[in-house]
Amino acid sequence: MHEVPTIIIGCGPIGLETAVELKRRGLPYLQFDAGAVGQQIVDFPSGTRWFSSPERLSISGVPFITATNEKGTREEYLAYLRAVVEQFDLEVRTFERVIELGHGDGGGFRLRTRTLSGLTHEFACERLVIASGGTARPRRLGVPGEDLPHVHRSLGEAHRYLGRRVLVVGGRNSACESALRAFRCGAEVTISYRGSELHERVKYWIRPELMAMIASGQVRCLLETEPAAIESDQVVLRSLKDGSTSTIPVDDVLLEIGYEADGSLFEALGARLEGEDRAVVHDPSTMETTVPGLHVAGTAVAGTQSRFRVYIENSHIHAKRIAAAFSGEPVPPDPVLPKLPES
Ligand SMILES: Cc1cc2nc3c(=O)[nH]c(=O)nc-3n(C[C@H](O)[C@H](O)[C@H](O)COP(=O)(O)OP(=O)(O)OC[C@H]3O[C@@H](n4cnc5c(N)ncnc54)[C@H](O)[C@@H]3O)c2cc1C
């Protein structure tokens, strides 16, 4: 059993930022990730451009400088995260998932981890920070056929859709971006969305282009519809207006309907989660949960977000508050963030 004062679960942007803040104060810790550093961003389709401006994604004062001075891409941000890890000499134990959590006999916490190759290790710590994000698994539609092999949960490599009939399910940002990119790669694209119009927060450089393609009939958009069944070569769509059904021939189905958080790490320790989203109850001045010594950082705090409220931009303060609480400093004040235009 390896003992350490603090353990951080998650090497996403906010988990890393927490590590930097602890390291700056000379507070020892260990940090694990089930995947790579920034695994959620690794999973973005290649070339994805951030909605947030680079300065709002910057960690602990390290400038995120992009090649074009525009909003950064997935690849630029992954390179940036690697630079942060190297600059601060962060010890990241990647591909080592925390698989078991419990309370220590004399206080604190016990953890068991499993590496990619199947080795298990045990650790004990006095303080635990869970920065495990909010996208543990894709949401399910709950219709027959959604596990068929031609049903995908994210775009992946857009090139593969050349000459294929693709149904994109969803009307938020990821769905719209995927529809546009699959179309550009030569797919015949249909969008099915429950809403009466595409979501209001689609990136402002995606929305007008997609709307123009829909208006010109190059991309088909079936609003107020939802899949009732997915079959090998077609999808049965149901109208939410009158309940009637129609079929769409497909080669691929892209379910871009969001993700769910996994609250099990918090539940294992008896932390209180609340509401439909299962948000983590915590003291915002220290990010401590209802379990003494257990802190939460980043998007993990919000559980499954039905409407995005917590993202990288407004989570940087979590890292500072946790480090301040651990070192007995006064609570860092709320940052002043200019409001972004709704788009
Ligand atoms: C396409 C897309 C575009 C986005 N654009 C923006 C944007 O423009 N601006 C913005 O602010 N946000 C954006 N987001 C959201 C952003 O990616 C998240 O807010 C951000 O990654 C959250 O950071 P985090 O550190 O809280 O958690 P995450 O980045 O989700 O990191 C959590 C980490 O914990 C690890 N983990 C989970 N469970 C375990 C376990 N049991 N053991 C060990 N490790 C574990 C995961 O592998 C993961 O690496 C976007 C998201 C998507 C999908």
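Residues numbered from 1 in each chain as written. Predicted model: local features only at pLDDT ≥ 70, side-chain atom pairs only at ≥ 80, totals over all residues. Heavy atoms only, no water.

Looking at the domain arrangement of the protein chain
As far as domains go, the protein chain holds domain 1 (2–136 + 259–327) and domain 2 (140–255). The centre of domain 1, based on its C-alpha atoms, is set 32 Å off from the matching centre of domain 2. Counting residues at the interface gives twelve residues for domain 1 and 14 residues for domain 2. Summed over both sides, the interface of domain 1 with domain 2 buries roughly 1000 Å², with 44% coming from carbon and sulfur. On the domain 1 side of the interface with domain 2, the three residues burying the most area are Pro45, Phe51 and Arg307, jointly 44% of the side's total. Across the domain 1-domain 2 interface, the total number found is zero salt bridges. Counting across the interface, domain 1 meets domain 2 through two residue pairs in polar contact (both at pLDDT 80 or more). In the side of domain 1 that touches domain 2, the residues fall into four nonpolar, four polar and four charged. (Domains from an automatic or database assignment. Contact = heavy atoms within 4.5 Å. Buried area = accessible area lost by both parts, 1.4 Å probe. Salt bridge = Lys/Arg side-chain N within 4 Å of Asp/Glu carboxyl O. Polar contact = N/O pair within 3.5 Å; in protein donor to acceptor, adjacent residues only side chain to side chain. Nonpolar A, V, L, I, M, F, W, Y, C, P; charged D, E, K, R; others polar.)

Remarks on unusual backbone geometry
The backbone phi angle of asparagine 69 is positive, close to 65°, even though this residue is not glycine. Classification of asparagine 69 as exposed rests on a relative accessible area of 69%. Although it is not a glycine, arginine 278 adopts a positive phi angle of roughly 60°. Secondary-structure assignment places arginine 278 in the loop between strand 17 (273–274) and strand 18 (279–280). (Buried < 20%, exposed > 50% of the residue type's maximum accessible area, 1.4 Å probe, protein only. Helix = DSSP H or I, 4+ residues; strand = E, 2+ residues; numbered from the N terminus.)

Regarding the site of the ligand
Close to the ligand lie 29 residues; Asp33, Ala34, Phe51, Ser52 and Thr299 are nearest. One of the backbone N or O atoms of proline 13 is found 3.3 Å from an oxygen atom in the ligand. Protein chains bury 86% of the 990 Å² of accessible surface belonging to the ligand in isolation. Those elements giving two or more residues to the shell around the ligand turn out to be helix 1 (13–24), helix 2 (39–42) and strand 4 (96–103). (Near = heavy atom within 4 Å. Areas by Shrake-Rupley, 256 points an atom, 1.4 Å probe, with all protein chains shown as cover.)

Focus on the environment of leucine 237
Mapped onto the elements, leucine 237 comes out in strand 13 (residues 234–239). Using a relative accessible area of 2% as the deciding quantity, one classes leucine 237 as buried. Separated by ten residues in the primary sequence, leucine 237 and threonine 247 have C-alpha atoms spaced 5.9 Å apart. Look past the residues within four positions of leucine 237 in its chain and what remains in contact with it is Leu167, Ser192, Leu222, Thr225, Glu226, Pro227, Ala228, Ser244, Thr245, Ser246 and Ile248.

Here's the deal with the sheet that holds strand 14 (residues 245–249)
Two modes of strand pairing occur in sheets, parallel and antiparallel, and in both the strands are linked by backbone hydrogen bonds. Here we have three strands laid out as an open sheet, ordered 12-13-14, and antiparallel in their pairing. Bordering the open sheet on either side are strand 12 (225–230) and strand 14, each of which pairs with just one other strand. When the angles between neighbouring strand axes are averaged without regard to direction, this sheet yields 35°. Direction of pairing for strand 12 relative to strand 13: antiparallel, over a ladder of five bridges. (Pairing = 2+ DSSP bridges. Axes fitted to C-alpha atoms, helices over the stretch in contact; angles between N-to-C directions.)

Overview of the pattern of salt bridges
All chains considered together, the criterion is met by 23 salt bridges. Linking aspartate 147 and arginine 153 is a salt bridge whose minimum nitrogen-to-oxygen distance equals 3.9 Å. With a closest N to O distance of 3.3 Å, arginine 160 and aspartate 252 form a salt bridge. Placement of arginine 160 in the loop between strand 8 (151–152) and strand 9 (165–169) and of aspartate 252 in strand 15 (residues 252–255) is noted, with a sequence separation of 92 residues between them. For arginine 160, a relative accessible area of 39% puts it in the partly exposed group. Here aspartate 252 falls in the buried class, since its relative accessible area comes to 1%.

Re the packing of aromatic side chains
Overall, the coordinates contain nine aromatic pairs when judged by the stated rule. Ring geometry for phenylalanine 51 and tryptophan 205: centres 6.4 Å apart, planes at 25°, overall stacked. Of the two residues, phenylalanine 51 is situated in the loop between helix 2 and helix 3 (54–57) and tryptophan 205 in the loop between strand 10 (188–193) and helix 6 (207–215); the sequence distance between them amounts to 154 residues. Note on phenylalanine 64 and tyrosine 80: the rings are 5.1 Å apart at their centroids and 45° apart in plane angle, and the pair reads as tilted. (Phe/Tyr/Trp six-rings, centres within 6.5 Å; stacked < 30°, edge-to-face > 60°.)

A short note on the pairing of strand 1 (residues 2–9)
Examined bridge by bridge, strand 1 and strand 6 (residues 120–130) share seven bridges and lie parallel to one another. In the sheet register, threonine 6 faces strand 6, and the bridge partner there is arginine 127. Alignment of strand 1 against strand 2 (residues 29–32), held across four bridges, turns out to be parallel. Across the sheet, threonine 6 pairs through a bridge with tyrosine 29, a residue of strand 2. A crossover links strand 1 with its parallel partner strand 2, the connecting element being helix 1, and its sense is right-handed. (Right-handed = clockwise from strand over helix to strand, strands pointing away.)

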